[in-house]
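# Observations on chain architecture
Listed below, chain by chain, are the residues.
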Amino acid sequence: MITEDLSILQVQLEYPLDGVYEEGEDANLFLGIANTGNTDDDLLDVRGPDFANAQLLVDGEPGAIRVQQNDNVYVGAEGAPRITLIDLKRSLRSSQSIPVILVFEDAGEMIVNAPVASEGRNPKPTYDFPNPAEDPTQS
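What this report covers is the structure whose coordinates are included nearby.

Parameters and conventions
- Residues numbered from 1 in each chain as written.
- Predicted model: local features only at pLDDT ≥ 70, side-chain atom pairs only at ≥ 80, totals over all residues.
- Heavy atoms only, no water.
- Core = buried A, V, L, I, M, F, W, Y, C linked by side-chain atoms within 4.5 Å.
- Buried < 20%, exposed > 50% of the residue type's maximum accessible area, 1.4 Å probe, protein only.
- Contact = heavy atoms within 4.5 Å.
- Helix = DSSP H or I, 4+ residues; strand = E, 2+ residues; numbered from the N terminus.
- Salt bridge = Lys/Arg side-chain N within 4 Å of Asp/Glu carboxyl O.

### Considering the nonpolar core
Ranked by size, the top nonpolar core spans 30 residues in total, and within it Val-46 and Val-100 carry the most contacts. Setting aside residues up to four positions removed in sequence, Val-100 forms contacts with Leu-29, Val-46, Arg-47, Phe-51, Leu-85, Met-110, Ile-111, Val-112 and Ala-114.

### Focus: unusual backbone geometry
If you check the backbone angles, Asp-59 has positive phi at about 55 degrees while not being a glycine. Looking at where Asp-59 falls in the secondary structure, it is placed in the loop between β5 (51-58) and β6 (61-62). By relative accessible area, Asp-59 is classed as exposed at 72%. Of note in this structure, Asn-70 is not a glycine but carries a positive phi near 50 degrees. Within the secondary structure layout, Asn-70 lies in the loop between β7 (65-67) and β8 (71-75).

### With respect to the side chain of Asp-50
Mapped onto the fold, Asp-50 is located in the loop between β4 (41-47) and β5. Its relative accessible area of 15% is what places Asp-50 among the buried residues.

### A closer look at the pattern of salt bridges
Counted according to the given criterion, the structure contains five salt bridges. Arg-66 is paired through a salt bridge with Asp-40; the nearest N and O atoms lie 3.5 Å apart. In this pair, Arg-66 is assigned in strand β7 and Asp-40 in the loop between β3 (27-35) and β4, connecting sequence segments 26 residues apart. For Asp-40, a relative accessible area of 31% gives the class partly exposed.

Just distances and angles here, no functional claims.
What follows is the structure, given as structure tokens:
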């Protein structure tokens, strides 16, 4: 929990296709952000000592990830915002973790450990929202 209203859930790095992230590779970060408060907040940046930079994408464009009041954001799910850790500074295998600093506009900074998912256990969303573009009730 970062504040009384903002929580970070199920943080992990995607399992690497060959079983190991080598130094210099990029890794996708998966996590949930729950906002039970009555104000929005923005995830502005992600940083840490074990990677050079992070790319935050919303609808395919770089930018802050908005976490609306009384809502959840699932980073890394299909069609959702994405975070990629760029240029890892060390190799990582399944179950090893690195510290990741999440920087929010209002809530401030939170350090979480991001473990590499185990083989066959790639992060998958625990929900099944319909794709709004395929909703037959929308005209």
